[in-house]
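So you can see what is in the structure, the chains are spelled out below.
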Amino acid sequence: MTYYASKIFWLAAQPLSLALLLLVLGLLAGLLKWNRLRTAASGLAAAVLFVTLFTTTGSVLLQALEDRIARAELPAGGPGCIIMLGGGVEAEVIAARGGFEMNQAGDRFTETLRLAREFPAARILVSGGDGSFSGSYEGDAAVAARFFEAFGVSADRLIRETESRTTFENVENTKTLLAENGLERCLLVTSAFHMPRSVGLFRKLGLDVLPWPTDFRTTGRVGLALDFTQPSTNSQLTTTALREWTGLLLYYVAGRTHALFPQ
């Protein structure tokens, strides 16, 4: 129930959805002659749209997340395992067309593959089930079995965690599998903006992992400014950033991470 509630909440709370809801509220307020509420709702909707589409706010917020945790030093002798958190595949497209269709977070797969080939003794733990509402698609862990085998990585090295739908479930289920397989000195591969929340969850459960961020979305040199050149990209970056900051806050309030902004 909590999983579906969080999905529905974010559908309404993301910037463009929020702007639409405010516009609808303003329209209803106008029909009811509630002029102050109409003006406030319409003005707030316009402000949300302007900041989301025509400023670098999203890039700045995302950049702060990406810069928080740098890549760790590799342990002597290489890592004992490589943990990859799911979120990198287009499950619906794969179900219809086959293959390995990646989204923006597909760097998680390619970087894990690179590390797997560089450190052939390391086990690979892929955590990610089907996070869709329907629950009818393959998750990242299922796709990973075919992906890594296609690129010459032995199936014997792969440990698949196929049940998780959220980052908290990723970490909770991964802890069990690490213990069962006696794995330590593990690199954690996930998107750079997602690394603070992921590391915070692992630390809360008493697990030390070596962060290995990938999938950077910003240059690291972005400042707050107007930007009229790429409204759709600005919207996407703002949505991603706010979702991650919201996740950090809610996980901290729920006691699932050891710090509000882990480092």
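The following refers to the structure shown. The shown structure was predicted, so the numbers you read here are calculated from the model rather than taken from an experiment.

Okay, the environment of Ala241 next. With respect to the secondary-structure elements, Ala241 resides in helix H10 (residues 231–253). On a C-alpha basis, the gap between Ala241 and Gln63 in space is 8.7 Å, while along the polypeptide they are 178 residues apart. Beyond its immediate sequence surroundings of up to four residues, Ala241 is in contact with Gly58, Leu61, Leu62 and Leu65.

Further remarks concern the state of the cysteines. In total, this model carries one disulfide according to the counting rule given. The side chain of Cys81 participates in a disulfide bridge whose partner is Cys186; the two sulfur atoms lie 1.8 Å from each other. Sign of the S-S torsion, about 125° for the bond between Cys81 and Cys186, identifies this disulfide as right-handed. One end of the pair, Cys81, is in strand E1 (residues 81–85); the other, Cys186, is in strand E4 (residues 186–191), with 105 residues separating them in the sequence.

If you look at the biggest cluster of nonpolar residues, it comprises 20 residues, and the most contacted ones within it are Cys81, Ile83, Leu178, Leu183, Cys186, Leu188 and Phe202. Looking at this core, the elements that each hand over two or more residues are E1, helix H8 (167–181), E4 and helix H9 (195–204). The contact partners of Leu188, leaving out residues within four places of it in the chain, are Ile83, Leu85, Met195, Ser198, Val199, Phe202, Val209, Leu210, Pro211, Trp212 and Pro213. By size, the runner-up hydrophobic cluster in this structure holds 15 residues, among which are Ile94, Leu113, Val153 and Leu158.

The contact between helix H2 (residues 15–31) and helix H3 (residues 35–54) brings their axes to 8 Å, and the two run at 160°. Comparing their axes, H3 and H2 come out roughly antiparallel. Considering how the two elements wind past one another, H2 and H3 form a crossing that is left-handed. Judged by residue contacts, Pro15, Leu16, Ala19, Leu22, Leu23, Leu25, Gly26, Ala29 and Gly30 of H2 engage Leu37, Arg38, Ala41, Ser42, Leu44, Ala45, Val48, Leu49 and Thr52 from H3. A per-class count over the contact of H2 with H3 returns 13 nonpolar, four polar and one charged.

Each value, and the rule that gives it
- Residues numbered from 1 in each chain as written.
- Predicted model: local features only at pLDDT ≥ 70, side-chain atom pairs only at ≥ 80, totals over all residues.
- Heavy atoms only, no water.
- Helix = DSSP H or I, 4+ residues; strand = E, 2+ residues; numbered from the N terminus.
- Contact = heavy atoms within 4.5 Å.
- Disulfide = S-S within 2.5 Å.
- Core = buried A, V, L, I, M, F, W, Y, C linked by side-chain atoms within 4.5 Å.
- Buried < 20%, exposed > 50% of the residue type's maximum accessible area, 1.4 Å probe, protein only.
- Axes fitted to C-alpha atoms, helices over the stretch in contact; angles between N-to-C directions.
- Parallel < 35°, antiparallel > 145°, perpendicular 65-115°, else oblique.
- Left-handed = near helix turned anticlockwise from the far one by under 90°.
- Nonpolar A, V, L, I, M, F, W, Y, C, P; charged D, E, K, R; others polar.

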